[in-house]
Amino acid sequence: ASCQNSAKISDPDNNGERLSAVKVQLNELTIDELSAYRGDKADWFYFSIPEKGTLHVSLFLDTPKDIIIDGTIIQASGMPLKNLKTNHATAHYQFEDIEIDPGHYYLSFTTGKGTSIYSFGVSFDPTPKPCNTDVPCTNEDEICQDGSCKKKPITNPMPIIQEH
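The paragraphs below set out a description of the structure included in this document. Positions within a chain are numbered from 1, following the residues in the order the chain's sequence is written. Thresholds applied to this predicted model are a pLDDT of at least 70 for local features of residues and 80 or more for the giving and counting of side-chain atom pairs; totals over whole chains, interfaces and linings are not thresholded and use all residues. The basis for the side-chain values is all heavy atoms of the structure; hydrogens and waters are excluded.

1. Examining the overall build of the protein chain
Part 1 of the argument: Helix numbers and strand numbers start at the N terminus; a helix is a DSSP run of H or I with at least 4 residues, a strand a run of E with at least 2. A tally of helices and strands in the protein chain yields 0 helices and 12 strands.
Part 2 of the argument: Counted from the first residue to the last, the protein chain has its helices and strands arranged as β-β-β-β-β-β-β-β-β-β-β-β.
Part 3 of the argument: Across the 164 residues of the protein chain, 37% fall into the buried class.
Part 4 of the argument: For this analysis, residues touch if any pair of their heavy atoms sits within 4.5 Å. Long-range contacts, defined here as pairs at least 24 residues apart, represent 67% of the contacts in the protein chain between residues at least 6 apart.
Part 5 of the argument: Under the convention used here, a 1.4 Å probe and the Shrake-Rupley method define accessible areas, while residue burial counts only the protein chains that appear. With the model as given, the accessible surface of the protein chain reaches about 10,500 Å², and the carbon-plus-sulfur share is 53%. Any residue under 20% of the maximum accessible area for its type is buried, any over 50% is exposed, and the rest in between are partly exposed; the area is computed with a 1.4 Å probe on protein chains only.

2. Some thoughts on the nonpolar core
Part 1 of the argument: Put simply, buried Ala, Val, Leu, Ile, Met, Phe, Trp, Tyr and Cys residues joined by side-chain atoms within 4.5 Å make one nonpolar core. Membership of the largest hydrophobic core comes to 24 residues, with the highest contact counts inside it found for Phe47, Leu55, Leu59, Leu107, Phe109, Tyr118 and Phe120.
Part 2 of the argument: For this core, the secondary-structure elements that each account for two or more residues are β3 (42-49), β4 (53-61), β8 (98-100), β9 (103-110) and β10 (115-126).
Part 3 of the argument: In contact with Leu59, not counting residues within four places along its chain, are Leu84, Thr86, Ala91, His92, Tyr93, Phe109, Tyr118, Ser119 and Phe120.
Part 4 of the argument: In terms of nonpolar packing, the next biggest core, distinct from the first, is built from 5 residues, Ala21, Ala42, Trp44 and Ile74 among them.

3. Thoughts on the packing of aromatic side chains
Part 1 of the argument: Planes of paired rings set the category: under 30 degrees apart is stacked, over 60 is edge-to-face and the rest tilted, where pairs are Phe, Tyr or Trp rings (Trp by its six-membered ring) whose centres lie within 6.5 Å. Overall, the coordinates contain 8 aromatic pairs when judged by the stated rule.
Part 2 of the argument: A centroid spacing of 4.7 Å and a plane angle of 55 degrees characterise the contact between Phe45 and Phe120, whose relative ring orientation is tilted. Of the two residues, Phe45 is situated in strand β3 and Phe120 in strand β10; the sequence distance between them amounts to 75 residues.
Part 3 of the argument: A network of ring pairs unites the aromatic residues Phe45, Phe109, Tyr118 and Phe120 as a single cluster.

Honestly, that's just the spatial picture; any functional story needs more than this.
What follows is the structure in structure tokens.
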């Protein structure tokens, strides 16, 4: 958000609506600010999910005592999936995990009053692929365990030799 000499700024960082949402990467932290005083009452972001899995979204407020933020995870169609509302007592929040399909999704943060810098992260865990003796795992760093493909355990390439 940028400061200007005007008392009324409609959207200082130009991402105050869905059409102007800013792309965020999975597994990266994004930092922004909401300031109702400066006219920045909404921030919109979007991200892409490559395959079916579980979505995790966390939010951290620098000054929770100064702001209440409503957060919403939204499908590309505009249908809300999950909502979150902050309070003045807590700085860290976690949206409830969502089982999610591949596609594009939006994340909005809005406030009616107050100011705070905030950061958020969007991460994703793919649904484990099913496997068995007839359908092996296709990734060479995975093994079939309990009916699904899992990362192979790290093995020590050098044997440990104990001298007596």
